[in-house]
Amino acid sequence: MNRCRWEKRVERWFDGESTETDAVNRHLGECPSCRGYVAQLTQLRDYARVIGRCEGIEDARFPIYMAGIRERIQAPRQWYGGLWAMASLAAAALIIGFSTLIVLTGHPSKAKATSEIESVVTEIEGATVDAYSGNHGDAVVWVRFPDGEM
Amino acid sequence: MGLLCVIILAAALGAETHLEQPKAVTITMVAVQATNRPREQQAFRQPQKQFDAALEGVRSAIEHLPYDTFRKVGSGKAVARTAEETRMGINDRYAVCVTPLSKDAEGRIRLKVRIEERITKGSKTVTRNAIETTGALAPGKHLVLGGLKLDNGELVVVLSAESD
């Protein structure tokens, strides 16, 4: 859209900074572009008036307004915050629990485990029986007879 | 803090339940006759220890024993249920009876093992426990029971166990 060279003069007149009302009015009668521009400025000023108007609180309504603020401040906290805290605590506890489990029990180490004898007896008269560790983690139980006896 | 304690306690209980008893244990038994050759043969003819080819799987368990000849006299494999005795015969005189008891934290299988011996006393044949032992048998390891008389040598029984 072509802009009219009168636009700045029209704008100053609209803002009350210029006194050349007759000249501007004559131009507006001849220039549709400046008429449109003045219409836009008018609309903008109207909106600015509406926005700029402050809502006031009447004295009679002020106690109710303050009571509403107090009510919101003193209201109990939402449960969701506590729920998240509990979930975090439970997750941390689970991690600690499983870590403790792994440290305390560990995995059975088949390579390190060795066979062991808890008890051993024999009903053979006069014989004794020994238990000892053999090669490679084996356990050995051996019956011994008195010398010469077969 | 209370919740933490409860969770740690539950984890500890979980660890206990992890050590559950095996339902069945596969027992492998190899019976060996161990002898020493006459001294003159030891010195000049066969200086090394002799093992039956069938004993290759248990050779590491018996080669340290103070004998120079090892001959297989029997073997057996059986699935033994926990707390139930399973009997495996070796010959007319000896039999091995195995009772799986539990499995410990290291994966070892606790067993009660008896070697039964049939002997003749006067006119009667009786059975006695030549060896009765309780022990923990580690995975891949052996329990070696020996010293009992067998012909002109000694009986050596090699046991291994695997849980399901």
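Predicted model only: the values in this text are computed from it and were never measured.

Before going further, it helps to examine the side chain of Q33 of chain B. Residues and elements named next belong to chain B. Structurally, the position occupied by Q33 is in strand 1 (residues 24-35). Side chain to side chain, Q33 and N152 meet in a polar contact 3.4 Å long. In contact with Q33, other than residues within four places in its own chain, are T69, F70, R71, V73, L150, D151, N152, G153 and E154.

If you look at the biggest cluster of nonpolar residues, it comprises 33 residues, and the most contacted ones within it are I27, V96, L145, L148, V157 and L159 of chain B. Where this core is concerned, the elements lending two or more residues are strand 3 (139-144) of chain A together with strand 1, strand 3 (69-81), strand 5 (94-103), strand 6 (109-121), strand 7 (124-137), strand 8 (143-150) and strand 9 (153-163) of chain B. Once residues lying within four places of it in the same chain are set aside, the contact partners of I27 of chain B are G76, K77, A78, A80, M88, V98, L111, L159, S160 and A161 of chain B. Membership of the second largest hydrophobic core comes to 16 residues, among which are V30, V58, I62 and L65 of chain B.

Owing to its 3.6 residues per turn, the α-helix brings residues three or four apart onto one side. Residues and elements named next belong to chain A. Listed in full, the buried residues belonging to helix 1 (residues 7-14) are E7, V10 and F14. Taken around the axis of helix 1, the buried residues stretch over an arc of 65°, which confines them to a single face. Two residues or fewer past helix 1, G16 is found with a positive phi of approximately 80°.

With that out of the way, let us pick up unusual backbone geometry. Residues and elements named next belong to chain B. The backbone of A83 sits at a positive phi, close to 70°, despite the residue not being glycine. Residue position: A83 is located in the loop between strand 3 and strand 4 (86-89). Taking relative accessible area as the criterion, A83 reaches 61% and is therefore assigned exposed. Non-glycine residue D151 carries a positive phi angle of around 55°. Along the chain, D151 falls in the loop between strand 8 and strand 9.

Moving on, we come to the interface of chain A and chain B. Reports often express the size of an interface as the amount of accessible area lost when the parts come together. Counting residues at the interface gives 37 residues for chain A and 41 residues for chain B. In terms of surface lost to chain B, no three residues of chain A exceed E118, E123 and W142 of chain A, which account for 17% of the buried area on that side. Joining chain A to chain B, the criterion identifies two salt bridges. For the salt bridge of R108 of chain B with E116 of chain A, the shortest nitrogen-to-oxygen distance reads 3.6 Å.

Look at any regular strand and the pattern is simple: side chains alternate between the two faces of the sheet. Pairing geometry for strand 1 (residues 116-121) of chain A and strand 7 of chain B, over five bridges, is antiparallel. Note on strand 7 of chain B: the bridge partner recorded for E116 of chain A is A136 of chain B. Sheet topology places strand 6 of chain B next to strand 7 of chain B; 13 bridges connect them, and they run antiparallel. By the bridge assignment for strand 7 of chain B, L111 of chain B is matched with G135 of chain B.

Spatially, seven strands are ordered 2(A)-3(A)-8(B)-9(B)-1(B)-3(B)-2(B) in an open sheet, and the strand pairing comes out mixed. In this open sheet, the two edge strands, each paired with only one partner strand, are strand 2 (128-133) of chain A together with strand 2 (50-51) of chain B. Two strands pair when backbone bridges link them, and strand 2 of chain A and strand 3 of chain A are joined in this way by six bridges, in the antiparallel orientation. Across the sheet, Y132 of chain A pairs through a bridge with V140 of chain A, a residue of strand 3 of chain A.

Cut-offs and rules
Residues numbered from 1 in each chain as written. Chains lettered and ligands numbered in written order. Predicted model: local features only at pLDDT ≥ 70, side-chain atom pairs only at ≥ 80, totals over all residues. Heavy atoms only, no water. Helix = DSSP H or I, 4+ residues; strand = E, 2+ residues; numbered from the N terminus. Polar contact = N/O pair within 3.5 Å; in protein donor to acceptor, adjacent residues only side chain to side chain. Contact = heavy atoms within 4.5 Å. Core = buried A, V, L, I, M, F, W, Y, C linked by side-chain atoms within 4.5 Å. Buried < 20%, exposed > 50% of the residue type's maximum accessible area, 1.4 Å probe, protein only. Arc of directions from axis to C-beta. Buried area = accessible area lost by both parts, 1.4 Å probe. Salt bridge = Lys/Arg side-chain N within 4 Å of Asp/Glu carboxyl O. Pairing = 2+ DSSP bridges.

Honestly, that's just the spatial picture; any functional story needs more than this.
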